[in-house]
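Each chain, letter by letter, is given below.
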Amino acid sequence: MATTPQTTPNQDRLLFVLFAAAVLTAPLWASVIGAGYPDLLQKFAIFGILAIGFNILFGLTGYLSFGHAAFLGIGSYAAVWSFKLFTVNALPAVFFGMVFAGLFALVIGYISLRRTGIYFSILTLAFAQMSYNLAYSVLTPITNGETGLTMNQDDPRFIDNLFFAPEGNALPSTNLFGIEMTGFSGFYFCAVVLIIAFYIAMRISRSPFGMMLRAIKSNQNRMNYTGFNTRPYALTAFVISGVYAGLAGSLMAVTDPLAGAERMQWTASGEVVLMTILGGAGTLLGPVLGAGIIKYFENIFSAYNAQVLERIFDFLPDGIDHAAASVAGLFVGEGWHLTLGLVFMLIVIFLPGGVMEGFTRLRAKFSKPTVESSSSGSTTSPAKDSA
Amino acid sequence: MTLFKQGVSRRGLMRGGIALSAGLAAPQFFVRGAGAATYLNEPTGSTVTFGFNVPQTGAYADEGADELRAYQLAVKHLNGEGDGGMLNTFTSKALEGKGVLGKKVAFVTGDTQTKSDAARASAKRMIEKDGVVMVTGGSSSGVAIAVQSLCQEAGITFMAGLTHSNDTTGKDRRRNGFRHFFNAYMSGAALAPVLKANYGTDRKAYHLTADYTWGWTQEESIANSTEAIGWETVNKVRTPLGAGDFSQYITPVLNSGADVLILNHYGKDMVNSLTQAVQFGLRDKQVNGKDMVVVVPLYSRLMAQGAGANVKGIFGSTNWHWSLTDAGSQAFVKSFGAEYGFPPSQAAHTCYVQALLYADAAQRAGTFAPCELGKALEGFEFDGMGNGPTLYRAEDHQCFKKVLVVKGKENPSSQFDLLEVVEEVPREQVTYDPNIPQFAGELGPCNNGA
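Residues numbered from 1 in each chain as written. Chains lettered and ligands numbered in written order. Predicted model: local features only at pLDDT ≥ 70, side-chain atom pairs only at ≥ 80, totals over all residues.

Some words on the overall build of chain B
Now for step 1: Scanning chain B from N- to C-terminus turns up 13 helices and 17 strands.
Now for step 2: Computed over C-alpha atoms, the radius of gyration of chain B comes to 24 Å, within 12% of the 22 Å expected from 2.2 N^0.38 for 450 residues, which places it in the range of a compact globule.
Now for step 3: C-alpha atoms of chain B, sized along the principal axes, occupy 85 × 65 × 40 Å.
Now for step 4: Looking at chain B residue by residue over its 450 residues, the buried ones come to 55%. (Helix = DSSP H or I, 4+ residues; strand = E, 2+ residues; numbered from the N terminus. Rg over C-alpha atoms; globule rule 2.2 N^0.38 Å. Buried ≥ 20, exposed ≤ 12 C-beta atoms within 10 Å, placed from the backbone.)

Some thoughts on the domain arrangement of chain B
Residue and element names in this part refer to chain B.
Now for step 1: Domain parsing of chain B yields domain 1 (47-182 + 322-401) and domain 2 (185-318).
Now for step 2: Each of domain 1 and domain 2 was reduced to a C-alpha centroid, and the two centroids are 29 Å apart.
Now for step 3: The interface of domain 1 with domain 2 comprises 18 residues on the first partner and 19 residues on the second.
Now for step 4: Secondary structure elements with two or more residues in the side of domain 1 that touches domain 2: helix H2 (61-78), helix H4 (141-154) and helix H11 (346-365).
Now for step 5: Broken down by class, the residue content of the side of domain 1 that touches domain 2 amounts to five nonpolar, nine polar and four charged. (Domains from an automatic or database assignment. Contact = placed C-beta atoms within 7 Å. Nonpolar A, V, L, I, M, F, W, Y, C, P; charged D, E, K, R; others polar.)

Topic: the sheet that holds strand E8 (residues 260-264) of chain B
Residue and element names in this part refer to chain B.
Now for step 1: Strand order in the open sheet formed by seven strands is E7-E6-E8-E11-E12-E16-E17, and the pairing between neighbours is mixed. Where the open sheet ends on each side, the last strands, each with one partner, are strand E7 (232-239) and strand E17 (419-425). Adjacent strand axes in the sheet meet at a mean angle of 20°, parallel and antiparallel pairs treated alike.
Now for step 2: Pairing of strand E6 (residues 204-210) with E8, which is carried by five bridges, proceeds in the parallel orientation. When the sheet's bridge partners are listed, leucine 208 is paired in E8 with leucine 263. (Pairing = 2+ DSSP bridges. Axes fitted to C-alpha atoms, helices over the stretch in contact; angles between N-to-C directions.)

A look at the confidence of the model for chain B
All names here are of chain B.
Now for step 1: On average, residues of chain B carry a pLDDT of 87, and 92% of them reach 70 or more.
Now for step 2: In the predicted structure, residues 23-35 sits below a pLDDT of 50 and forms eight contacts with residues beyond four places in sequence or in another chain.
Now for step 3: The ipTM value of the predicted complex is 0.77, and its pTM value is 0.83. (pLDDT = per-residue confidence, 0-100.)

Topic: the environment of B:Thr275
Residue and element names in this part refer to chain B.
Now for step 1: Mapped onto the elements, threonine 275 comes out in helix H8 (residues 267-279).
Now for step 2: Residues threonine 275 and leucine 87, spaced 188 residues apart in sequence, show a C-alpha to C-alpha distance of 39 Å.
Now for step 3: In this structure threonine 275 touches Ala307 and Asn310, once residues within four positions along its chain are discounted.

Here we look at the nonpolar core
Now for step 1: Counting 243 residues, the largest nonpolar core has A:Ile49, A:Leu50, A:Tyr244 and A:Ala248 as the members making the most contacts within it.
Now for step 2: Counting residues domain by domain, this core receives three or more from each of domain 1 (47-182 + 322-401) and domain 2 (185-318) of chain B. (Core = buried A, V, L, I, M, F, W, Y, C linked by C-beta atoms within 7 Å.)

Quick word on the sheet that holds strand E15 (residues 399-400) of chain B
Residues and elements named next belong to chain B.
Now for step 1: With antiparallel pairing, the three strands of this open sheet are ordered in space as E13-E14-E15. Strands at the two margins of the open sheet, each flanked by one partner only, are strand E13 (380-382) and E15.
Now for step 2: Of the strand pairs in this sheet, strand E14 (residues 390-392) and E15 are connected by two bridges, and their pairing is antiparallel. In the strand pairing of E15, tyrosine 392 is matched with cysteine 399.

Things to note about the interface of chain A and chain B
Now for step 1: Counting residues at the interface gives 40 residues for chain A and 41 residues for chain B.
Now for step 2: Sorting the residues of the side of chain A that touches chain B by element identifies helix H1 (9-24), helix H3 (38-61), helix H6 (117-138) and helix H9 (183-206) of chain A as the ones contributing at least two each.
Now for step 3: Per element, the largest residue contribution to the side of chain A that touches chain B is seven residues, and it comes from H9(A).
Now for step 4: Of the residues contributing to the side of chain A that touches chain B, the split by class is 16 nonpolar, 15 polar and nine charged.

Concerning H1(A)
Residues and elements named next belong to chain A.
Now for step 1: Between its first and last C-alpha atoms H1 spans 22 Å; for 16 residues at 1.5 Å apiece the expected length is 22 Å, and the two agree.
Now for step 2: For H1, the complete set of buried residues consists of Asp12, Phe16, Ala20, Val23 and Leu24. The buried residues of H1 all sit within an arc of 95° when viewed along its axis, so they share a single face. When the buried face of H1 is taken as reference, the exposed residues oriented beyond 90 degrees from it are Asn10 and Leu18. (Expected span 1.5 Å × (residues − 1). Arc of directions from axis to C-beta.)

Some words on the packing of H2(B) against H11(B)
Residue and element names in this part refer to chain B.
Now for step 1: Where H2 contacts H11, the axes come no closer than 8 Å and their chain directions differ by 35°. Relative to H11, the crossing made by H2 is right-handed. Only Ala347, Ala348, Cys351, Tyr352, Ala355, Leu356 and Ala359 of H11 make contact with H2, whose side of the interface consists of Glu63, Asp66, Glu67, Arg69, Ala70, Tyr71, Leu73, Ala74 and Leu78.
Now for step 2: Looking at the contact of H2 with H11, its residues break down into twelve nonpolar, no polar and four charged. (Left-handed = near helix turned anticlockwise from the far one by under 90°.)

Observations regarding the pairing of strand E1 (residues 47-54) of chain B
Regular strands place side chains that alternate from one sheet face to the opposite one.
All names here are of chain B.
Now for step 1: Counting buried residues in E1 gives six out of eight residues, a clear majority hidden from the surface.
Now for step 2: Relative to strand E2 (residues 104-111), E1 runs parallel, the two being bridged by eight bridges. What sits directly across from phenylalanine 52, in E2, is threonine 109.
Now for step 3: Between the parallel pair E1 and E2, the chain is carried across by H2, and the sense of this crossover is right-handed.
Now for step 4: Of the pairings in the sheet, the one linking E1 to strand E3 (residues 134-137) comprises four bridges and is parallel in character. Across the sheet, the residue bridging to phenylalanine 52 is threonine 136, located in E3. (Right-handed = clockwise from strand over helix to strand, strands pointing away.)

What about the confidence of the model for chain A?
Now for step 1: Here chain A averages 85 in pLDDT, while 91% of its residues score no lower than 70.
Now for step 2: Taken as a whole, residues 371-387 of chain A scores under 50 in pLDDT and shows 34 contacts with residues more than four places along the chain or in a different chain.

Remarks on H4(B)
Structurally, the α-helix is built with 3.6 residues per turn, so residues lying three or four positions apart point the same way.
Residues and elements named next belong to chain B.
Now for step 1: With 14 residues, H4 extends 20 Å from end C-alpha to end C-alpha; this agrees with the ideal 20 Å at 1.5 Å per step.
Now for step 2: With 13 of 14 residues buried, H4 is to be regarded as a mostly interior element.
Now for step 3: Just downstream of H4 lies glycine 155, where phi reads positive at about 100°.

Now the structure itself:
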């Protein structure tokens, strides 16, 4: 963990270009695994942003926030209110989502960062749960409670109504200067934002500020004794991370203008933690991979039903195919949580550094013959930042 | 920090990225135009796909499981397998058990998790990936309304499953959405006379309400109809959906001076709140010189099963009950029982009927296009589906039919025989004007999605 990542600018550039290319070509390669439809691709990108942001806090400073879903929800509510009050353009919605989540993160972070470790986690969890309950019942006039906040026919939409005459009586859909934010155009918008978010995270991670955050993770006390006040740094990381979550939340609202309180529930906060750990905390790519894996399970595995399974196991002899289908049935459909749990356990036990550690090990294996790389100790550090 | 100082410039990279994205997006737009479909997801092969979006986890999972069973049975009957069920008693004879419009019916399923977000994600998957022409299901009004507006925007038909809120066909009604199930207003209109006959006109009611769209509208409707028979509403308390423990809400009821507890809960929530109310001795208590009583406005057999002996003597209303003796109900109970070994719930009934009604409308309209198909459903009058003569009203896409007032049986003969039908309230008594204040909404234009 103490090893500082030593990557050359060239390596970083290559990583960034490959990442951008992979994200933008997602509709092509994702359709091979049955995930090439806009809604899931949007989710990949959005939760990728959320996980990247979470990683800036957890991966770099080691502060485990259990309340990130609160910022996600605030981003969504702010975005939908921007649609309702001002305009159905996506940019103001994203802006307000980030601003409100950032302000909220500043307040929560200021209070929570007075404690470290488990106490910090519990504090953030408490704040998130408080926000959830507020959104769910107390603030119903603002959040519309369990039903969720949606756009209405009779919303004011001041800016839109100022410039355009309201046309027909159909509900306007969210757009970016005329490009509708549904389907593949919605995905490309999210994808471009994801690539920008990734680039910023990379720059943060490689900057002196990022180094400072890593120092907080390795030994905060020593930092304090040398005269550094670490709290402003941790607070900045917390706010940046909250802004990322707000950005993800507002994008959720942009692609589907609905904000529900369940987005702030503790299970949603837990999901982000799972994504980051599954992919590899502290790495740049890991959180995005983790987000992709979890969303893939949630959307694809949960859709397998008896009919589909029978078709898959059709090649087996009679009798065995039914048995195979019923056994497999436990792990798909409503049992997808079980499969995810198993995968998570396997990864945490055998690859504590997440999927990224798997890649690192594989690479080390194939480059063994060269003497130099075997001495770089790449297998010992689960939280390696390269790749 | 010295990234991008030389070599690829940042601006060049961004340009490249944008060009790449535009290039990649282009084929998608061409593909969309090339199909020249007249409506979204027009089936081209030998099958047509329906989307069954039901809660498989969460507070309404029991209902969801039963709904899925009913849908699978409906698909069998539509494809000509099994005994045909209600197709034999249905007054429209357009369907012949050979699929719909010559296409075999296939289906995909999804888990709504009783959450709007998850339900919409799952419905979007069905529309974008699996190419369904229709989404049906839902066991929560919040979810049903969210999915209904999604289907409206996307341009496919939504056939609501179990959703009892006034809003589904009230202020949130949509042109592409249809509901067979009854609603909170009808429950109130059907229950009030029975409550008056049994409990008199001088009562004080205390509401515990599930805190979402269905609970709110049911609370409003029941309060209105009980106040119309002279009852007084003492208090209305909102409880979170899926709370599990209701003791903190039930204790105050005992000292509130109320002598009727109205539980606007459903599913596991109702099982828990009713069980706890009985455990707290609510039903043995005397208030204002009268026995304290509980009313559960929306009842279901699955809930009665969960609450066991606690439901004895408690009044409520349902859309349908398996003990009905008309030919349609009998045919459905028989084929459901033969398939799964127990009688269907009202959730199963309404979902089965919705699937059949949709298929029939498609057959009569000659297309799956939502606009044309919708016209075949609007104002459609039919019978033989277990509720007597039924009208799909054109103004709000709500079905009007008999409503059952039921009571927990004192001496059940089996684990399924828990409710007895007290009264079959005729359709006229529960019919209302589509634009009364609780319901006023706009269907808006229909959307074929292409």
